[in-house]
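Coordinates in review
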Amino acid sequence: MKLNRNFLVVPVLLGMAFSLVNCKNKPKKEETVVLKEMTQATITKSDFGMTSDSIAVEKYSLVNANGMEVNIITYGGIITSLKVPSQDSIFKDVVLGHDSLEEYTSGNPPFFGAVIGRYGNRIAKGQFSIDGEEYQLPTNDGPNSLHGGKGFDKVVWAAEEFEDGENVGVKLTYTSLDGDQGYPGNLETMVTYTLLADNTLKVDYEASTDKPTVVNLTQHTYFNLSGDFDNTILDTEVMLNADQFLPVNETLIPTGELRSVEGTPFDFREAKPIGAEIDAENDQLKKGQGYDHCWILNDENGAMHLAATAYDPSSGRFLEVMTTEPAIQFYTGNFLDGTLTQKGGEGTYALRSGFCLETQHYPDSPNQPEFPSTLLKPGETYRTTTSFKFSVR
């Protein structure tokens, strides 16, 4: 489908308050102010490069009638860019990522923007059993398996674009073969991204298997709602709709306790800045080097319910996360260390320059029977939905 950009744009050069000398010495960044809304939602497809084993990777750009734009590549189902307006109608990219396929395929240790599977989060010692049969997964996070090993973030998905009235999207499919990364069963997986007319990005997950297996899919986008990746996310005000969280041991595996957030730095039931208590004297914060924990969501009944909100006071951008999942992993970029280059080639992603809101089942559920089950049997269909709605305040 041809992209029809039916709106007027005005470039806004930052740094105009600086002297002419400074302007000459420092490259200018551009923002775009949308002055007139588009008349229709559009999709475009373009090449994004080729993997080392000669598999072509495509990029899909979804744009709604408001001008919100989401770019998704078929490698890892990665969201490479997400542009939303501020309270002053300034559109900026608010997700961390890379410019090139090579940067993603060289490892992407933070899992920027990727679909995570077969199992999001950690499984203790990379081991679990089903019906008395034991399975061993790769251990890629100390003694544990993290995010499925060489998982769904490192494969090329088949893609099909679609239109649905005012909404546009792309449907990604991938078959993980029996024994892939140690998991049993041929797992047929579908992830559907839909950009809605109300500035919501909806993510639907679906999977089926021919052998009993475990599944826990999620999305690993890092947000920085200021749109300036030189800024930390410590002033972002976050609300988590959760009365309890899961304490972890030294390797970040849940201990099995469901602990009340009351009176702890983990109480986000009322919105507060991420940085308000992130450096508090707290054993759990020390173990995660910040927030890297799973919260047990209130009001969970399998239907869509409120999971979290995030607000950037500097831009007015507001994010609302809804999900059918029972939990959310809130991660504050504690292992970003300034070694990865920002998009555009200027600057690096420093400590706590992005945060993740990963809706999911509990970590290590296959080894903790008191947790909600992640077992998927033949004849059953795994289905979950999460939405990310953007507005301004």
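The paragraphs below set out a description of the structure included in this document. Just so it is clear, the model here is predicted, and its values are computed rather than measured.

**A few points about the packing of aromatic side chains**
This structure, assessed with the given rule, holds 24 aromatic pairs. Centre to centre, the rings of phenylalanine 268 and tyrosine 291 are 5.2 Å apart; their planes meet at 80°, and the pair counts as edge-to-face. Placement of the pair is phenylalanine 268 in the loop between β21 (259-260) and β22 (272-273) and tyrosine 291 in the loop between α3 (283-288) and β23 (292-297), with a sequence separation of 23 residues. Residue classification places phenylalanine 268 among the buried positions, given a relative accessible area of 1%. Centre to centre, the rings of tryptophan 295 and phenylalanine 330 are 5.8 Å apart; their planes meet at 65°, and the pair counts as edge-to-face. Remark: phenylalanine 330 occurs in strand β26 (residues 327-331) and tryptophan 295 occurs in strand β23; sequence separation between them is 35 residues. With respect to burial, tryptophan 295 and phenylalanine 330 carry one shared label: buried. For lysine 272, the ring lying beneath its charged end belongs to phenylalanine 268, and the centroid distance is 4.4 Å. Over the ring of tyrosine 311 we find arginine 393, and its NZ or CZ is 4.2 Å from the ring centre.

**Digging into empty space enclosed by the protein**
Scanning the model with the defined rule gives 2 cavities of 30 Å³ or more in all. Here the largest cavity defines a volume of roughly 40 Å³. Forming the walls of the largest cavity are Asn121, Arg122, Leu246, Val248, Leu252, Pro254, Asp292, His293, Cys294, Gln329 and Pro363. The element best represented in the lining of the largest cavity is β23, accounting for 3 residues. Counted by class, the lining of the largest cavity contains 6 nonpolar, 3 polar and 2 charged residues. Roughly 30 Å³ of internal volume is contained in the second largest cavity. Lining the second largest cavity we find Gly117, Arg118, Gly148, Lys150, Gly151, Phe152, Ser176, Asp180, Gln181 and Tyr183. Here the lining of the second largest cavity is composed, by residue class, of 2 nonpolar, 5 polar and 3 charged.

**Points about the side chain of glutamine 219**
Examined against the element boundaries, glutamine 219 turns out to sit in strand β18 (residues 218-219). Accessibility expressed as a relative area gives 4% for glutamine 219, which makes it buried. There is a polar contact of 2.6 Å between the side chain of glutamine 219 and the backbone oxygen of glycine 113. Within polar-contact distance, the side chain of glutamine 219 engages the side chain of threonine 221 at 2.7 Å. Every residue in contact with glutamine 219, bar those within four places of it in the chain, is listed here: Gly77, Ile79, Gly113, Ala114, Val115, Tyr193, Tyr205 and Glu358.

**Digging into the nonpolar core**
Membership of the largest hydrophobic core comes to 58 residues, with the highest contact counts inside it found for Leu82, Tyr193, Trp295, Phe330 and Phe390. One finds Phe48, Tyr104, Ile116 and Leu146 within the second-largest nonpolar core, a separate group that totals 19 residues.

**Considering unusual backbone geometry**
Cis geometry is adopted by the peptide bond preceding arginine 118, which originates at glycine 117 and carries an omega value of 10°. Of note, arginine 118 is situated in the loop between β8 (115-116) and β9 (122-123). Positive phi outside glycine occurs at lysine 125, with the angle close to 60°. If you trace the backbone, lysine 125 turns up in the loop between β9 and β10 (127-130). Since its relative accessible area comes to 55%, lysine 125 is described here as exposed. Look at aspartate 364: it is not a glycine, yet its phi comes out positive at around 60°. The residue aspartate 364 is located in the loop between β27 (356-360) and β28 (375-376) in this model.

Reading the values: the criteria
Residues numbered from 1 in each chain as written. Predicted model: local features only at pLDDT ≥ 70, side-chain atom pairs only at ≥ 80, totals over all residues. Heavy atoms only, no water. Phe/Tyr/Trp six-rings, centres within 6.5 Å; stacked < 30°, edge-to-face > 60°. Helix = DSSP H or I, 4+ residues; strand = E, 2+ residues; numbered from the N terminus. Buried < 20%, exposed > 50% of the residue type's maximum accessible area, 1.4 Å probe, protein only. Lys NZ or Arg CZ within 6 Å of the ring centre and 35° of its normal. 1 Å grid on protein atoms, 1.4 Å probe; cavity = no way out; pocket = protein on both sides within 12 Å on 5 of 7 lines; lining within 4 Å. Points joined across faces, edges and corners; volume = space filled by probe spheres on them. Nonpolar A, V, L, I, M, F, W, Y, C, P; charged D, E, K, R; others polar. Polar contact = N/O pair within 3.5 Å; in protein donor to acceptor, adjacent residues only side chain to side chain. Contact = heavy atoms within 4.5 Å. Core = buried A, V, L, I, M, F, W, Y, C linked by side-chain atoms within 4.5 Å.

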